[in-house]
Amino acid sequence: MCYDILNGTVVEAYIPYVIADCSATPIAGALILVICVVAVTLGVFIITAVAKDTELRENNTSILLAGLSTNGVVYCISHLMFVGIASFQDRWLPGAVWCMTSVVIKHFHEMNSFVILLILSLERTFSVCFPFSARVTVTAIRGKLALVLAFLISTALTVPAHVIQIIRVNKELSIPEIPTTIRTTSNVNL
C-alpha cells in the first residue's frame, strides 16, 4: 500500500498515487520528466559553481541557494522522476516499499524547501534592513548551520506525521496493538 499523509488516503501500490489523486496523463508525465531534466541540470550547475568558487562559498545567500538546489536535485531524482515515468504505466513500477518511501521523500522535500526559503527570506530581510550589522552576523558558518537547522526542522515535522499515518493504516487493516486500558470487572458489593 502507498500512504499519502496530506490527502489522508491509502492507495494500492500498483497504482501511482499521483495518477490516482490528480489523474495525470502521459502528456503531464512528459512535462514532469522535462522539468526534472532542467531542474537537475540547473541544480547541479549551481551546486558546482558554489563548490568551486571561493567567494561564493563565503557568501551566506549562495550557501542557502546551493542547499535549496541540492534539495531540488534530490527531490527530482528520488521522487519526481518516478512520478513522470508512472504516468506512462498502469502501475507503480518501483514497488510498494519505494512507493511509501517516495511519499515520505516528497513531503520531506516540500517542507525542507519551505524552511530553506523562509531562512533565505529572513536573511535577505535582515541584510536589507540592517546592512551594517548584517556584514558581521550573516556569515557562511551561520548559513551552513541554517541548512542543518532546516533539515532538522523538516525531519521533525514530517517523519512523526508519517509514523502516525502508518499506525492509523495498521488500525484500519486490523493489525493488533498493545492494549492501553485495563478492563476490570468486579462482582463485589460495597
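Residues numbered from 1 in each chain as written. Predicted model: local features only at pLDDT ≥ 70, side-chain atom pairs only at ≥ 80, totals over all residues. Heavy atoms only, no water.

J.: Explain the layout of surface pockets residue by residue, including any values.
T.: Leftover empty space is mapped by rolling, across the atoms, a probe with the size of a water molecule. Taken as a whole, the largest pocket holds about 200 Å³ of empty space. For the largest pocket, the lining is made up of 13 residues, of which Asn60, Ile119, Glu123, Arg142 and Ala146 are closest to its centre. Of all elements in the fold, only α4 (60-86), α5 (96-129) and α7 (140-172) reach the threshold of two or more residues within the lining of the largest pocket. Broken down by element, the lining of the largest pocket gets its largest block of residues, five residues, from α7. Its residues placed into classes, the lining of the largest pocket shows eight nonpolar, three polar and two charged. (1 Å grid on protein atoms, 1.4 Å probe; cavity = no way out; pocket = protein on both sides within 12 Å on 5 of 7 lines; lining within 4 Å. Points joined across faces, edges and corners; volume = space filled by probe spheres on them. Helix = DSSP H or I, 4+ residues; strand = E, 2+ residues; numbered from the N terminus. Nonpolar A, V, L, I, M, F, W, Y, C, P; charged D, E, K, R; others polar.)

J.: Give a description of the confidence of the model for the chain that names residues and reports values.
T.: Overall, the predicted model of the chain reaches an average pLDDT of 76, with 71% of residues at or above 70. Every residue in residues 1-8 scores below 50 in pLDDT, and together they form 38 contacts with partners more than four places removed in sequence or on other chains. pLDDT under 50 marks residues 10-23. Its contacts with residues more than four places away, or in other chains, come to 40 contacts. (pLDDT = per-residue confidence, 0-100. Contact = heavy atoms within 4.5 Å.)

J.: Describe the nonpolar core, with residues and values.
T.: Residues Leu64, Val115, Ile116, Ile119, Leu120, Ala146 and Ala150 constitute the largest nonpolar core, which totals seven residues. Put simply, the parts of the chain that give this core at least two residues each are α5 and α7. If we skip the residues at most four places from it in the chain, Ala150 touches Asn112, Val115, Ile116 and Ile119. If you look at the next biggest cluster of nonpolar residues, it comprises six residues, including Cys36, Tyr75, Leu80 and Val83. (Core = buried A, V, L, I, M, F, W, Y, C linked by side-chain atoms within 4.5 Å. Buried < 20%, exposed > 50% of the residue type's maximum accessible area, 1.4 Å probe, protein only.)

J.: Describe the side chain of Thr158, and please don't skip the residues or the numbers.
T.: Checked against the element boundaries, Thr158 lands in helix α7. The exposure class assigned to Thr158 is buried, which follows from its relative accessible area of 5%. Within polar-contact distance, the side chain of Thr158 engages the backbone oxygen of Ser154 at 2.7 Å. Other than its neighbours up to four places away in sequence, Thr158 contacts His107, Phe108 and Met111. (Polar contact = N/O pair within 3.5 Å; in protein donor to acceptor, adjacent residues only side chain to side chain.)

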